[in-house]
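# Per-entry structural report
Each chain, letter by letter, is given below.
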Amino acid sequence: MRYAKFTPFLFILPMLVGLLVFRLIPIGFSFGISFTSWNIFSPPRWIGFDNYRTLLQSPAFWEVARNTVVFALVFVPVVMGLGLSLALLVNQKLRGSTFFRGVFFMPYITSIVAVALAWKWILATRFGLLNNALMDWFGVQHPPSWLGDPRYALFAVAFVLAWQSAGFQMLLFLAGLQNIDESLKEAAMIDGASRGQVFRFITLPLLSPITFFVLIISLIASSQTFEVTYALTGGGPQRASTTLAFYIYQNAFVHFQMGFASSLAYTLLLFVGGLTLVNFVLRRRWVHYG
Amino acid sequence: MKRRPFIAMLVLVAMVLGLASAQTLRYFSWETNIPEETAALIAEFEAMHPGVSIDFEALPPDQYWPRMSAMAAANNLPDVFYMSSGFIFEWQANGLLANLQSYVDGIDLADYFSGVLATTRFPSPETGDVHAVPINWVGPVLYYNQDAFDEAGLAYPNDDWTWDDFLAAATALTVDKTGNGRIDQWGYWVYGRYAQVEPWIYQNGGRILNEARTRLEVDDAARETLQFLSDLVNVHEVAPRPQEMEGIRQQDVFPLGLAAMWVDGSWNISNNRSIIGDQFTWNIAMIPSGPSSETRIGYTWPDMLAIASGSEHEEIAWKFVEFMTGPGRPAETFLGGTVPFYRPTAESEAWLEPGLQPADKGVVLQLGGLPTRTSFTPNWSEWRGYGAAEGGGMNGELDLVFNGRKALDQAIETFVEYGNQVLSRSYPEP
């Protein structure tokens, strides 16, 4: 069948227009905005690098940046560990494993706000399920305030997000596990390898491309955390659980400091981009393709 | 036969003229909870002004402000819209609100709680021009659990109560009912929120802003007040640490019976009624004056209606604003403790609701007769820590104090420095 050269573009046009109007143009636009002072109501005013200078000198920014790093350091290993463990569990050829795959995946397709509300109820200081269990079963007299204490709030948010998204990582790991040729494992077993050795020297290396992919998307997910923070702690107490994405939201849509928020967004982009680059460079050392 | 085109043209001309004379006012509000009452008011206004129709939309507050800001940026504001005390300053400063002074000059303010007009004046709250008209106003009061007072054998709070009286009552009301070592009923409940802290400061004659309201300046009376509130939690232990109430909506602590006294805005009467029902008897009183207080101050602020500057229908928009804020608006449209701007409606039985709790609802009206003090500035919500930024600013710092994690002096130093950074965007150093 013959068709004009532009015909395929016609088909992807709706998608392309959406991408341009709602993503690419605003992304470019916000880069320009990051060099202005703009409160939405009055026209933007060019201020050069002032926003970047302000953020680098602001203790609040460094506190939030530190939170973002700590959040990633907690969230990424926990979600990957959970995801891999669940995948190994449901990969067993046991009765009901299909059912459990569905169960473990369920939180991921549940609205994050609903998940956060349920966890808020579980983690509440006075009437929360967890603290009541601690008081009644373990005799803890004054259980902690998981969401109200600056020492725990960030970890609580990271844990809830990991719990919610582990189902998705599980699915990815599961696909990876099922791609591994059983004969390799059998051969290793025949050569006398233990189950642990098979996992360590056959499964893990063959799974590494998937692990790499999961690592990258988990890092990006951790840097984008917004809804769960909004619903669980509102970034508090004080700024204890505020990460960069939430800080950007606060500055843009609560304080209407669009210029400053855009400069934060580009700083976050640099941060995530830099980390991803490092990962791609380090990949050669531990990722094995086929 | 030849007449037909002529008639058609006449009809067309009449339609065009009709369209030209018909005016459609766009009206936005955040009051989503009284749809029938609002529709009835709008229908009444439309009947009074043939040819005028109102295009009405209501959005809950969290969606209202982002939407309004986007419309302001696109220069597409509704003709008439709700305005809050926390935001009016920025909107005035950016020239988004029509100057209504000449219209307001034409009404007899003796019938209104004119003190709350201060918030609507710009640039100066005393001498500036009015840029919005209050619909209603609110102010913090002291809520108390009458049954708990009876059980403890205490006299109810009255206008002469001092801080010592308050502390003595709070101490007696802090009870471990089950004897398990955990307090079941606290004497008081407070966290860093503006409506829970500022009223105490003002009733002690204190200020947190300088005279020109361009910088944060916490005076001695304000420090004394903050120390008193902090001591209630950390020294006398008659109020829980805010983190202990995490997971419970702050406005539910008192109605759930977890605290026997509480200071917050009068609008909470509505929430109290729905949660408490007839489980216990409660009432309201004036907030106790502090040792440094010379005169009673009313911390009151309005919700308002504003007209967009440059609205093509300013005249009729004003008539609508006048109608919606005046005698035409029935008491039933003012929920709980929000007080009508129009005094006779506020003083009517329909608003005072004898027979319903709280028995002394009229206490709220007393606030309207007092000299007013507020701390609203441009970017108030940012430095104060309010709404989606409640965890930060002054609120966040005070919570660190109430949670026993920071010394008060240090917290004051931090929130003053932060607040002044925020304010310097609107008022740069000379």
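Since the model is a prediction, treat every value here as computed from it, not as a measurement.

### Observations concerning the overall build of chain B
The number of helices and strands found in chain B is 17 helices and 11 strands. For 430 residues, the compact-globule estimate of 2.2 N^0.38 gives 22 Å, and the C-alpha radius of gyration of chain B, at 24 Å, lies within 12% of that figure. Dimensions along the principal axes, computed over C-alpha positions, put chain B at roughly 100 × 55 × 40 Å. The 430 residues of chain B split such that 47% are buried. Long-range pairs, those at least 24 residues apart, make up 73% of the contacts in chain B between residues at least 6 apart in sequence.

### Focus on the overall build of chain A
Each helix and strand in chain A was counted, giving 12 helices and two strands. With respect to the three principal axes, the spread of C-alpha positions in chain A is 75 × 75 × 35 Å. Within chain A, the fraction of its 290 residues that count as buried is 32%. Taking the intrachain contacts of chain A between residues at least 6 apart in sequence as the baseline, contacts between residues at least 24 apart amount to 70%.

### Description of the environment of Gly385(B)
Residue and element names in this part refer to chain B. When you line up the elements, glycine 385 lands in the loop between helix 15 (380-384) and helix 16 (393-402). Taking the C-alpha atoms as reference points, glycine 385 and isoleucine 248, separated by 137 residues in sequence, lie 19 Å from one another. Ignoring sequence-local partners within four residues, the contact set of glycine 385 consists of Gly192, Glu390, Gly391, Gly392, Gly393, Met394, Asn395 and Gly396.

### Here we look at the sheet that holds strand 11 (residues 339-340) of chain B
Residues and elements named next belong to chain B. The six strands are arranged 2-1-3-10-6-11 in an open sheet whose pairing can be described as mixed. At either margin of the open sheet sits one strand with a lone partner, and together these are strand 2 (52-58) and strand 11. Taken together, the two bridges between strand 6 (residues 133-138) and strand 11 define a ladder with antiparallel strand orientation. Considered in strand 11, the bridge of tryptophan 137 is made with valine 339.

### Considering the packing of helix 8 (residues 194-202) of chain B against helix 9 (residues 220-234) of chain B
Residue and element names in this part refer to chain B. Between helix 8 and helix 9, the least distance of the axes is 9 Å, while the angle of their chain directions is 130°. With respect to each other, helix 8 and helix 9 are oriented oblique. The two elements helix 8 and helix 9 cross, and the hand of that crossing is right-handed. In contact with Val197, Trp200 and Ile201 of helix 8, helix 9 contributes Ala222, Thr225 and Leu229. Considered class by class, the residues forming the contact of helix 8 with helix 9 number five nonpolar, one polar and no charged.

### Brief notes about helix 10 (residues 268-276) of chain B
All names here are of chain B. Those residues of helix 10 that sit buried are Asn268, Ile269 and Asn272. All buried residues of helix 10 lie within an arc of 105° about the axis, which places them on one face of the element. Those residues of helix 10 hidden inside the fold are in contact with strand 7 (140-145), strand 8 (261-265) and strand 9 (282-285). Where helix 10 terminates, the next one or two residues include glycine 277, which has phi positive at roughly 55°.

### Topic: the interface of chain B and chain A
In this assembly, 28 residues from chain B lie in contact with 27 residues from chain A. Listed by contribution, the elements that provide at least two residues to the side of chain B that touches chain A are helix 3 (61-73) and helix 16 of chain B. By residue class, the composition of the side of chain B that touches chain A is 10 nonpolar, 10 polar and eight charged.

### Thoughts on the pairing of strand 8 of chain B
Residues and elements named next belong to chain B. Of all five residues in strand 8, five are buried; the element is thus mostly enclosed. Summarising the sheet, strand 7 and strand 8 pair through five bridges and their orientation is antiparallel. Directly across from tyrosine 144, in strand 8, lies its bridge partner methionine 261.

### Description of unusual backbone geometry
Here the residue pair Phe122(B) and Pro123(B) is connected by a cis peptide bond, since its omega of 0° sits within 30 degrees of zero. Omega for the peptide link from Gln357(B) to Pro358(B) comes to -5°, which places this bond in the cis form. Within the secondary structure, Pro358(B) sits in the loop between helix 13 (349-352) and helix 14 (363-368). In this structure, Phe256(A) is a non-glycine residue whose phi angle is positive, near 55°. Within the element layout of this structure, Phe256(A) appears in the loop between helix 11 (244-254) and helix 12 (258-286). Notably, Asn379(B) is not glycine yet its phi reads approximately 55°, a positive angle. One can find Asn379(B) in the loop between helix 14 and helix 15.

### Considering the sheet that holds strand 9 of chain B
All names here are of chain B. Sheet architecture is open: three strands sit in the order 8-7-9, paired in antiparallel fashion. The open sheet terminates on both sides in strands that have one partner only, identified here as strand 8 and strand 9. When the angles between neighbouring strand axes are averaged without regard to direction, this sheet yields 30°. Bridge analysis of strand 7 against strand 9 gives four bridges, and the strand direction is antiparallel. Following the sheet pairing, tyrosine 143 is matched in strand 9 by isoleucine 284. Across the face of the sheet, helix 8 comes into contact with strand 7 and strand 8 while running at roughly 100° to strand 8.

### Topic: the domain arrangement of chain B
Interface extent is often summarised as the accessible area lost during association of the parts. All names here are of chain B. In terms of domain boundaries, chain B breaks down into domain 1 (23-138 + 301-368) and domain 2 (140-297 + 379-426). For domain 1 versus domain 2, the distance between C-alpha centres works out to 29 Å. Domain 1 puts 14 residues into the contact, and the matching count from domain 2 is 18 residues. In terms of residue count, helix 14 provides more of the side of domain 1 that touches domain 2 than any other element does, three residues in total.

### Focus: the nonpolar core
Residues Tyr188(B), Ala259(B), Met261(B), Leu305(B) and Ile307(B) are the most contacted members of the largest nonpolar core, which totals 117 residues. Residue assignment places this core across two domains, with domain 1 (23-138 + 301-368) and domain 2 (140-297 + 379-426) of chain B each supplying three or more. Each residue touching Ile307(B), except ones within four places of it in the same chain, is listed here: Asp79(B), Val80(B), Leu97(B), Ala98(B), Leu100(B), Glu314(B), Ala317(B), Trp318(B) and Val321(B). Membership of the second largest hydrophobic core comes to 38 residues, among which are Val90(A), Ile112(A), Met170(A) and Leu206(A).

### Topic: the environment of Lys177(B)
Among the secondary structure elements, Lys177(B) is positioned in the loop between helix 7 (163-173) and helix 8. Setting aside its immediate chain neighbours within four residues, Lys177(B) contacts Asp184(B) and Gln185(B).

### Thoughts on the packing of helix 4 (residues 97-109) of chain A against helix 7 (residues 153-179) of chain A
Each pair of packed helices can be summarised by the angle the axes make with each other and by the distance between the axes. Residues and elements named next belong to chain A. For the pair helix 4 and helix 7, interaxial distance at closest approach is 7 Å and the crossing angle is 125°. Between helix 4 and helix 7, the angle is such that the two are oblique. Here helix 4 runs over helix 7; the crossing is left-handed. Along the contact surface, helix 4 presents Phe104, Phe105, Met106, Pro107 and Tyr108, while helix 7 presents Trp163, Gln164, Ser165, Gly167, Phe168, Met170 and Leu171.

### Some details on the pairing of strand 3 (residues 80-84) of chain B
Along any regular strand the residues' side chains alternate between the sheet's two faces. Residue and element names in this part refer to chain B. Most of strand 3 is tucked away, with four of its five residues classed as buried. Relative to strand 3, strand 1 (residues 23-29) runs parallel, the two being bridged by two bridges. For tyrosine 27, the partnering residue across the bridge sits in strand 3 and is valine 80. Both strand 3 and strand 10 (residues 301-307) contribute to a ladder of five bridges, which runs antiparallel.

Reading the values: the criteria
Residues numbered from 1 in each chain as written. Chains lettered and ligands numbered in written order. Predicted model: local features only at pLDDT ≥ 70, side-chain atom pairs only at ≥ 80, totals over all residues. Helix = DSSP H or I, 4+ residues; strand = E, 2+ residues; numbered from the N terminus. Rg over C-alpha atoms; globule rule 2.2 N^0.38 Å. Buried ≥ 20, exposed ≤ 12 C-beta atoms within 10 Å, placed from the backbone. Contact = placed C-beta atoms within 7 Å. Pairing = 2+ DSSP bridges. Axes fitted to C-alpha atoms, helices over the stretch in contact; angles between N-to-C directions. Parallel < 35°, antiparallel > 145°, perpendicular 65-115°, else oblique. Left-handed = near helix turned anticlockwise from the far one by under 90°. Nonpolar A, V, L, I, M, F, W, Y, C, P; charged D, E, K, R; others polar. Arc of directions from axis to C-beta. Domains from an automatic or database assignment. Core = buried A, V, L, I, M, F, W, Y, C linked by C-beta atoms within 7 Å.

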